[in-house]
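Architecture and fold: a report
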2 protein chains.
Amino acid sequence: MAWNTNVLVGQSGGPTAAINASLAGVFDTARDLGAHVLGMRYGIEGFLAGRILHLDRTLGSPMDVELLRRTPASFLGSCRFMLPRPEDDPAFYRDAFAKLEAARVGAVFYIGGNDSMDTIEKLSRWGKEHHSDIRFIGIPKTIDNDLVGTDHTPGYGSAAKFIATTTREITRDSSVYDLKSVTFIEIMGRDAGWLTGSACLAGEPGNPCPDLVLLPEVTLNQDALLQRLSLLLERKNTVVVAVSEGVRHRDGTLLCEAAAEAADGTRLDAFGHVASLSGTGRYLASVTRSALGCKTRAIELSTLQRCASHVASATDLAEAYALGGAGVLAAREGKTAMMSAITRIFDKPYLYTTDLTPIEEVANKSRMVPRDFISADGLNVTASFERYARPLIEGEVSSTYLGGVPHHITQLDADRA
Amino acid sequence: MAWNTNVLVGQSGGPTAAINASLAGVFDTARDLGAHVLGMRYGIEGFLAGRILHLDRTLGSPMDVELLRRTPASFLGSCRFMLPRPEDDPAFYRDAFAKLEAARVGAVFYIGGNDSMDTIEKLSRWGKEHHSDIRFIGIPKTIDNDLVGTDHTPGYGSAAKFIATTTREITRDSSVYDLKSVTFIEIMGRDAGWLTGSACLAGEPGNPCPDLVLLPEVTLNQDALLQRLSLLLERKNTVVVAVSEGVRHRDGTLLCEAAAEAADGTRLDAFGHVASLSGTGRYLASVTRSALGCKTRAIELSTLQRCASHVASATDLAEAYALGGAGVLAAREGKTAMMSAITRIFDKPYLYTTDLTPIEEVANKSRMVPRDFISADGLNVTASFERYARPLIEGEVSSTYLGGVPHHITQLDADRA
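Definitions and limits used
- Residues numbered from 1 in each chain as written.
- Chains lettered and ligands numbered in written order.
- Predicted model: local features only at pLDDT ≥ 70, side-chain atom pairs only at ≥ 80, totals over all residues.
- Heavy atoms only, no water.
- Helix = DSSP H or I, 4+ residues; strand = E, 2+ residues; numbered from the N terminus.
- Rg over C-alpha atoms; globule rule 2.2 N^0.38 Å.
- Buried < 20%, exposed > 50% of the residue type's maximum accessible area, 1.4 Å probe, protein only.
- Contact = heavy atoms within 4.5 Å.
- Axes fitted to C-alpha atoms, helices over the stretch in contact; angles between N-to-C directions.
- Left-handed = near helix turned anticlockwise from the far one by under 90°.
- Nonpolar A, V, L, I, M, F, W, Y, C, P; charged D, E, K, R; others polar.
- Buried area = accessible area lost by both parts, 1.4 Å probe.
- Salt bridge = Lys/Arg side-chain N within 4 Å of Asp/Glu carboxyl O.
- Core = buried A, V, L, I, M, F, W, Y, C linked by side-chain atoms within 4.5 Å.
- Pairing = 2+ DSSP bridges.
- Phe/Tyr/Trp six-rings, centres within 6.5 Å; stacked < 30°, edge-to-face > 60°.
- Lys NZ or Arg CZ within 6 Å of the ring centre and 35° of its normal.
- Least-squares fit on C-alpha atoms with pLDDT ≥ 70 in both.
- Polar contact = N/O pair within 3.5 Å; in protein donor to acceptor, adjacent residues only side chain to side chain.
- pLDDT = per-residue confidence, 0-100.
- Patch = residues over 30% accessible without salt bridge, like charges linked within 9 Å, V, L, I, M, F, W, Y side chains within 5 Å.
- Areas by Shrake-Rupley, 256 points an atom, 1.4 Å probe, with all protein chains shown as cover.
- 1 Å grid on protein atoms, 1.4 Å probe; cavity = no way out; pocket = protein on both sides within 12 Å on 5 of 7 lines; lining within 4 Å.
- Points joined across faces, edges and corners; volume = space filled by probe spheres on them.

A tally of regular secondary structure across chain A gives 15 helices and 13 strands. The C-alpha atoms of chain A give a radius of gyration of 23 Å, which matches the 22 Å a tight globule of 417 residues would have. Across its three principal directions, the C-alpha atoms of chain A cover 70 × 45 × 40 Å. Counting only residues that meet the buried cut, chain A has 63% of its 417 residues in that class.

Here we take up the environment of Ser399(A). Residue and element names in this part refer to chain A. In this structure, serine 399 sits in the loop between helix H14 (383–389) and strand E12 (401–402). Given the relative accessible area of 18%, serine 399 is considered buried. Remark: the alpha-carbon pair of serine 399 and glutamate 87, spanning 312 residues in sequence, is separated by 47 Å. Excluding residues within four positions of it along the chain, serine 399 makes contact with Arg70, Ser309, His310 and Pro406.

Let us now look at the packing of helix H9 (residues 222–235) of chain A against helix H11 (residues 280–292) of chain A. Residues and elements named next belong to chain A. At their nearest, the axes of H9 and H11 sit 11 Å apart, and the two run at 65° to each other. As H9 packs across H11, the resulting crossing turns out to be right-handed. Contacts from Gln222, Leu225, Leu226, Leu229, Ser230 and Leu233 in H9 reach Tyr283, Leu284, Val287, Thr288, Ala291 and Leu292 in H11. Here the residues of the contact of H9 with H11 are counted per class, giving 9 nonpolar, 3 polar and no charged.

Now for the interface of chain B and chain A. Every contact between the two is made by 71 residues of chain B and, on the other side, 71 residues of chain A. Both faces considered, chain B and chain A share a buried interface measuring about 5700 Å² in area, 56% of it formed by carbon and sulfur atoms. For chain B, the biggest contributors to the area lost against chain A are Glu169(B), Val176(B) and Tyr177(B); these three give 11% of the whole. In this structure, the connection of chain B to chain A is made through 4 salt bridges. The shortest N-O distance in the salt bridge between Asp178(B) and Arg51(A) comes to 2.8 Å.

Moving on to the nonpolar core. By size, the foremost hydrophobic cluster in this structure holds 139 residues, and its most contacted members are Leu55(A), Phe109(A), Leu55(B) and Phe109(B). When sequence neighbours within four positions are dropped, the list of residues in contact with Phe109(A) reads Val7(A), Leu8(A), Val9(A), Gly10(A), Val26(A), Ile137(A), Ile139(A), Gly327(A), Val328(A) and Ala331(A).

What follows is about the pattern of salt bridges. Residues and elements named next belong to chain A. For the coordinates displayed, the defined rule picks out 40 salt bridges over all chains. We note a salt bridge from glutamate 396 to lysine 161, for which the minimum N-O separation is 2.7 Å. Here the residue glutamate 396 occupies a position in the loop between H14 and E12, and lysine 161 occupies one in helix H7 (residues 156–174), the gap between them amounting to 235 residues. Given a relative accessible area of 38%, glutamate 396 falls into the partly exposed group. Because the salt bridges share partners, they merge into one network encompassing Arg85, Glu87, Asp88, Glu121 and Arg125.

The next point concerns the sheet that holds strand E3 (residues 52–54) of chain A. Residue and element names in this part refer to chain A. Spatial ordering of the open sheet is given by E3-E2-E1-E4-E5-E10-E11, a layout of 7 strands whose pairing is mixed. For this open sheet the edge positions go to E3 and strand E11 (351–358), each flanked by a neighbour on one side alone. The average undirected angle you get between the axes of adjacent strands in this sheet is 30°. Here strand E10 (residues 338–346) runs beside E11; their pairing, made up of 8 bridges, is antiparallel. What sits directly across from methionine 338, in E11, is proline 358.

So, on to the sheet that holds strand E6 (residues 181–187) of chain B. Note on sheets: strands pair through backbone hydrogen bonds, and any given pair is parallel or antiparallel. Residues and elements named next belong to chain B. As summarised here, the arrangement of the 4 strands in space is E7-E8-E6-E9, forming an open sheet in which the pairing is parallel. Edge positions in the sheet fall to strand E7 (212–214) and strand E9 (295–300), since each has one partner strand and no second. Strand-to-strand twist in this sheet, taken as the mean axis angle between neighbours without regard to direction, amounts to 20°. Here E6 pairs with E9 via 6 bridges, running parallel. Looking across to E9, one finds that isoleucine 185 is bridged to isoleucine 299. In the packing of helix H7 (residues 156–174) onto the sheet, the strands contacted are E6, strand E8 (238–244) and E9, and the crossing angle to E6 comes to about 160°.

Another aspect to go through is the packing of aromatic side chains. Applying the stated criterion across every chain yields a total of 20 aromatic pairs over all chains. Plain terms: the ring middles of Trp194(B) and Phe373(B) are 6.1 Å apart, the flat faces sit at 90° to each other, and that makes the pair edge-to-face. Of this pair, Trp194(B) sits in helix H8 (residues 194–197) while Phe373(B) sits in the loop between strand E11 (351–358) and helix H14 (383–389), and the two are 179 residues apart along the sequence. There is no split in this pair, since Trp194(B) and Phe373(B) are both buried. Feature note: the residues Phe81(A), Phe92(A), Tyr93(A) and Trp126(A) constitute an aromatic cluster, connected by ring pairs. One Lys or Arg, Arg41(A), reaches over the ring of Tyr42(A) and ends 4.3 Å from the middle of that ring.

Here chain B sits on chain A after a turn of 180° about the axis and a move of 0.0 Å along it, with an RMSD of 0.0 Å. In short, the pair behaves as if placed about a two-fold rotation axis. Mapped onto chain A, 100% of the interface residues of chain B are again interface residues, and the two copies thus contact each other with one and the same surface.

What follows deals with the side chain of Asn145(B). All names here are of chain B. Counting through the fold element by element, asparagine 145 comes out in the loop between strand E5 (135–140) and H7. Owing to a relative accessible area of 0%, asparagine 145 belongs among the buried residues under this scheme. A polar contact is formed between the side chain of asparagine 145 and the backbone nitrogen of threonine 153, at a distance of 2.9 Å. Setting aside residues up to four positions removed in sequence, asparagine 145 forms contacts with His152, Thr153, Tyr156, Trp194, Arg367 and Tyr388.

Residue class for Lys161(A) comes out buried when judged on its relative accessible area of 0%. At a separation of 3.2 Å, a polar atom in the side chain of Lys161(A) contacts the main-chain carbonyl oxygen of Gly395(A). In this structure, Lys161(A) is in contact with Val311(A), Ala312(A), Ser313(A), Ile393(A), Glu394(A), Gly395(A), Glu396(A), Tyr401(B) and Gly404(B), ignoring residues within four places of it in sequence.

The subject of this paragraph is the confidence of the model for chain A. All names here are of chain A. A residue-level look at chain A finds 94% of positions with pLDDT of 70 or above and a mean pLDDT of 93. Every residue in residues 263–275 is under pLDDT 50, and counting partners more than four places away or in other chains gives 25 contacts. Both scores are available for the predicted complex, with the pTM at 0.95 and the ipTM at 0.94.

Turning next to a nonpolar patch on the surface. On the surface, Ile345(A), Phe346(A) and Leu351(A) cluster together into a nonpolar patch covering about 290 Å² of accessible area. Relative to the helices and strands, Phe346(A) resides in strand E10.

Quick look at empty space enclosed by the protein now. Empty space among the atoms becomes apparent when a probe as large as a water molecule is rolled across them. Counted by the stated rule, this structure contains 2 cavities of 30 Å³ or more. The space that makes up the largest cavity amounts to roughly 90 Å³. If you go around the largest cavity, the residues you meet are Asp173(A), Ser174(A), Tyr177(A), Leu179(A), Ser181(A), Thr183(A), Lys295(A), Thr296(A), Arg297(A) and Arg306(B). Listed by contribution, the elements that provide at least two residues to the lining of the largest cavity are H7, strand E6 (181–187) and strand E9 (295–300) of chain A.

This is how it looks when you write it as structure tokens:
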């Protein structure tokens, strides 16, 4: 029996290489079940402003959906919009539900991170309290991998595969001259060190790489770091350090804040703007050069690490797609206020199953790298981290190249259709 | 009849994704002809210090050579070492030739850019003047693509493929929110704009990307740039600009120097070091934010663009390998003081042949982007640039992944062997 309803799907928060694979999973499964699929242009904020895409038309051919799986960032567009608390602004929810009912929406799927799960939690709570039939399901997505209630989050594996690949390539690049050097690779993750830790996947048995890994979960002992670098340089030419943008001094200030302050006594750049959260690597490169006198270099992976679809993890994209589809099946069965989740069965061979986690256990919590994933001296990750992260980057995706560049599907194509 | 000699091969200058493919070409061809292949550890500087690798042993299996083709940077190690002029220091050359003769070297192959071709030029000139039988051949390599005497240089195509791919991914990433933004992507190339121009390959018919391309061949008119950005923002949300690290103001100062000066009146960073050649993108992001009030972002592709083997161009690696082999064949025929070169026969379909260019026509010259490859207003490249560069990035290389990361061969493996 066909699921004769409209389903509404949105994407929220920062882009990843896998968020469109989850959209493809929602779309394919909902359409297979007979539903019509509407998309929120620019997230819940766009939907409330009346911006709806008819995805049955936009994604008209199987090739469109196949390209969607390989296209980074958010095909539908995204927003950063926190819903008010239902008790503070009931008018907001009355309006939102009136709009959902006007569009004959039977189920809402929101693909995103922490704030998006908060959106699902609030909407589903209001819905339950007001006896709405609309189902609300969260589909997890964040390169930061800091959501609770799931073994890991789609988007993380692909970002980690890019980070590991690039860390290995940078290490080759740094090793060509017969001189002492320290290279700092600055990686995203303000509070959680999952991304920075994934640099360890560049290592091979008997040949660890990078040499050190500095996570935001551990405050930096700068003297201990310099001492360790000095020892490393005694026995090898090329030292490579992965460092999170969110690493802090023992007094709680971010290294990058210290960098900005050191320059001119304020945290403003030359044009009076507050310095952005980067410069951690540059700060450490400068400190190390002063203290040890060797060549240093800082490299920021910047936004490249969250949209590098050309080196996406096949495992990641498959899970992202599966979690989208599993969310639709759950809604079809009448479930609401849930997040699609991954439960790991085994590390090697890697086995997992999809699951559902009550949304109130997820929203507004975050998951840090556990202590036993970090070495005792706080300057590296352990074998447990590698065992956890390795399977998530395995498998390669064959991009569709046109003119030598991976082909994407974009809203421009959609607007033309 | 076997070529019963020792050949010596070295790598010099900055790393690329293709320099090891040229080494593989030299190695395979020389060994097929019956020669023994010696490698310079850390270039000519290392050779003169007695650091020789026996590559017949180091690269013992066909799989080693296959991995070598897919490994970025310089497998042998590199140096930045300018030879003295023969007339200034004949003792240097007497010593060098004595060492070559002691190692029974019949031919020397040096893979590198401008400085490396200068090395070949000086050695071959001394050799000719002193009736040496040793042949000297240069194999071109530089991501900068600024060598004369060849249509283009190995290493350029792979760097360009990474730049185009990443520019497209960054454009996706920058487009997700419903707000006005300008993103500056800072690309290598102090004097020549070949790399920055290759960002245009991210565009598709009817959908140019990036919006603007700023090359070092054109001094910046900052007011004209801001005016153009303002117009672009009137009709679209997301503007992306590719900018060379080497762009200068009309008074001749580098934008990145201006950035450092603006911060504290000097060109020194907070620790008293001279600021490195980067910050061009950050400078433009800050200026644009001040002038136009929109969100801005600066992203440096940094060293990633020269060692991204995981997205190497198959055309580039095949040409790099072919030029290595062609150099060996030329030496076998008795040629010396030559550089292996590429002559383009046609753009589409792309057809080329290998060639030889007298080394004195190459050394110490450099090739800029010609004026007709740059738009009249100096803010973009033309269709002629795209037609030139497109074939060089075509074709994908299947990396050998192990544990989800491209596998490389390194000196560590060689040292163990």
